[in-house]
Amino acid sequence: MKRAKALTIAGSDSGGGAGIQADLKTFQELKVFGMSAITAVTAQNTLGVHGVYPMSLEAIEQQLDAIGLDMGTEAVKTGMLFNSEIIELVVSKVKQYGWQQVVVDPVMIAKGGSALLQQEAVFAMKKYLLPVATVITPNIPEAEELTGLNIKSLAERKLAAEALFELGAKNVIIKGGHDTDDNLTDLLFDGKGFVELYSKRIFTENTHGTGCTFAAAIAACLAKGQTMEEAFQIAKEFVYCAIQKDLHIGSGHGPTNHWAYQEQQNRTVRS
Ligand SMILES: Nc1ncnc2c1ncn2[C@@H]1O[C@H](COP(=O)(O)OP(=O)(O)O)[C@@H](O)[C@H]1O
Ligand SMILES: Cc1ncc(COP(=O)(O)O)c(N)n1
């Protein structure tokens, strides 16, 4: 049996809710064979980030070569890249192996406030990573940081999406989790037009790793050959289910439920 493959290049979250762990769980649930290259190890739980240990460039390069020289991949998803040297290495490997369908989640700050990207690396992200991105998936603060724009309204978000497209990303999705409204809008711009997806805000503390999960779902769908719009819709539904059926693990910001989307699909098929 042939399965599509996806590679996540991101940080490890010991708590299992975000980073590499969230990505692999999402790939598995969407029936894509998951592979990983770890850029940093974090000691994390639902109370926060307690330690960040970046991997050496050599260790990251070897992981990427191990995949590139033997296994190949139909899609790549990047998460926590930590510094500009890691960003430049990842971009050079994406080009060397001709990897297509590159989903860039420009992870900068954990929900608890810890820095997962050094400030100086924002420049490298804009100059080198965006031009190889099939799609970039910032939340509102990340879109503000990357564009220098203030985003208070949907109209301002559209301007930011256009600015990110100008920087080289072929598609831009600005997520609405940080919206002040109780109706959340996620916005896709493909250089020609906008697609808006809406949902109600779910009131819960357990949203750790929503951005990783969302971007990983996009990568899984693109790996299987689905269109950007299909991937956008499935990712939104996947993360909504994962937040709605939260697991209540830990005493802080808990992880989401990566089983929930498939469990809902199974119920729909049976009824
Ligand atoms: N409380 C919530 N209720 C419903 N959907 C949410 C909620 N928080 C985030 N989402 C959804 O989760 C995804 C990730 O959004 P966001 O929180 O903006 O990203 P990040 O985790 O990168 O900060 C988006 O599809 C967003 O609409
Ligand atoms: C290793 C790693 N990668 C990404 C995130 C962002 O996730 P969140 O924004 O939900 O804290 C994280 N906390 N840890």
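Quantities reported herein were computed from a predicted structural model and do not represent experimental measurements.

### Topic: the overall build of the protein chain
Across its full length, the protein chain holds nine helices and nine strands. Whereas a compact globule of 271 residues would reach a radius of gyration of roughly 18 Å, the protein chain reaches 17 Å, a difference of no more than 12%. Along the longest, intermediate and shortest principal axes, the C-alpha atoms of the protein chain span 45 × 45 × 40 Å. Among the 271 residues that make up the protein chain, the fraction classed as buried is 54%. In the protein chain, 68% of the contacts between residues at least 6 apart in sequence involve partners at least 24 apart.

### Considerations on the site of ligand 1
Taken together, the neighbourhood of ligand 1 is formed by 16 residues, with N139, K175, H178, D186 and I202 sitting nearest. A distance of 2.7 Å separates an oxygen atom of ligand 1 from a polar atom in the side chain of H178. At 2.9 Å, a backbone N or O of G211 approaches an oxygen atom of ligand 1. Against a free-state accessible area of 550 Å², the protein chains account for coverage of 94% of ligand 1. Sorting the residues of the shell around ligand 1 by element identifies β8 (183-189), α7 (210-223) and α8 (228-244) as the ones contributing at least two each. For the shell around ligand 1, the per-class residue count stands at five nonpolar, five polar and six charged.

### Points about the UniProt feature "domain: Pyridoxamine kinase/Phosphomethylpyrimidine kinase" (unreviewed entry) in the protein chain
Those places that UniProt annotates as "domain: Pyridoxamine kinase/Phosphomethylpyrimidine kinase" (unreviewed entry) correspond, in this numbering, to residues 13-257. The span residues 13-257 shows a helical share of 41% and a strand share of 19%, and its end C-alpha atoms are spaced 15 Å apart.

### Looking at the side chain of N139
Considering the arrangement of structural elements, one finds N139 in the loop between β6 (135-136) and α5 (140-147). Accessibility expressed as a relative area gives 13% for N139, which makes it buried. At 3.4 Å, the side chain of N139 forms a polar contact with the side chain of H178. Leaving out residues up to four positions away in the same chain, N139 has contacts with I174, K175 and H178.

### Comments concerning the pairing of strand β4 (residues 75-78)
Here β4 shows a buried face lined by A75 and K77 and a second buried face lined by V76 and T78. As paired elements, strand β1 (residues 5-13) and β4 share four bridges and run parallel to each other. When the sheet's bridge partners are listed, L7 is paired in β4 with V76. Note: β4 against strand β5 (residues 102-104), three bridges, orientation parallel.

### Quick look at the nonpolar core
One finds L7 and I87 to be the most contacted residues of the largest nonpolar core, which totals 49 residues. No other element matches the six residues that helix α3 (residues 84-96) contributes to this core. Beyond its immediate stretch of four places on either side in the chain, I87 contacts L81, L117, A121, A124, M125 and L129. Core analysis: the next-biggest nonpolar cluster, separate from the first, contains 33 residues, V135, L222, A231 and V239 among them.

### Some details on the pattern of salt bridges
In the structure shown here, the tally under the stated rule is nine salt bridges. For the salt bridge of K5 with E74, the shortest nitrogen-to-oxygen distance reads 3.3 Å. Of the two residues, K5 sits in strand β1 while E74 sits in the loop between α2 (57-71) and β4, which places them 69 residues apart along the sequence. Of the residues examined, K5 reaches a relative accessible area of 16% and is grouped as buried. Ionic pairing is found between R157 and D179, a salt bridge with its closest N-O pair at 3.0 Å. Placement of R157 in helix α6 (residues 154-166) and of D179 in the loop between β7 (172-174) and β8 is noted, with a sequence separation of 22 residues between them.

### A few points about the site of ligand 2
Looking at ligand 2, there are 14 residues lining it, with G11, Q44, K111, L116 and G209 nearest. With respect to ligand 2, the side chain of Q44 contributes an N or O atom lying 3.0 Å from a nitrogen atom. Between ligand 2 and the protein, one listed contact pairs an oxygen atom with a backbone N or O atom of G209 at 2.6 Å. Burial of ligand 2 by the protein chains amounts to 94% of its free accessible area of 360 Å². Looking at the shell around ligand 2 residue by residue, the class counts come to six nonpolar, seven polar and one charged.

Scoring rules and cut-offs
- Residues numbered from 1 in each chain as written.
- Chains lettered and ligands numbered in written order.
- Predicted model: local features only at pLDDT ≥ 70, side-chain atom pairs only at ≥ 80, totals over all residues.
- Heavy atoms only, no water.
- Helix = DSSP H or I, 4+ residues; strand = E, 2+ residues; numbered from the N terminus.
- Rg over C-alpha atoms; globule rule 2.2 N^0.38 Å.
- Buried < 20%, exposed > 50% of the residue type's maximum accessible area, 1.4 Å probe, protein only.
- Contact = heavy atoms within 4.5 Å.
- Near = heavy atom within 4 Å.
- Polar contact = N/O pair within 3.5 Å; in protein donor to acceptor, adjacent residues only side chain to side chain.
- Areas by Shrake-Rupley, 256 points an atom, 1.4 Å probe, with all protein chains shown as cover.
- Nonpolar A, V, L, I, M, F, W, Y, C, P; charged D, E, K, R; others polar.
- UniProt positions renumbered as here; feature names shortened; annotations may be inferred.
- Pairing = 2+ DSSP bridges.
- Core = buried A, V, L, I, M, F, W, Y, C linked by side-chain atoms within 4.5 Å.
- Salt bridge = Lys/Arg side-chain N within 4 Å of Asp/Glu carboxyl O.

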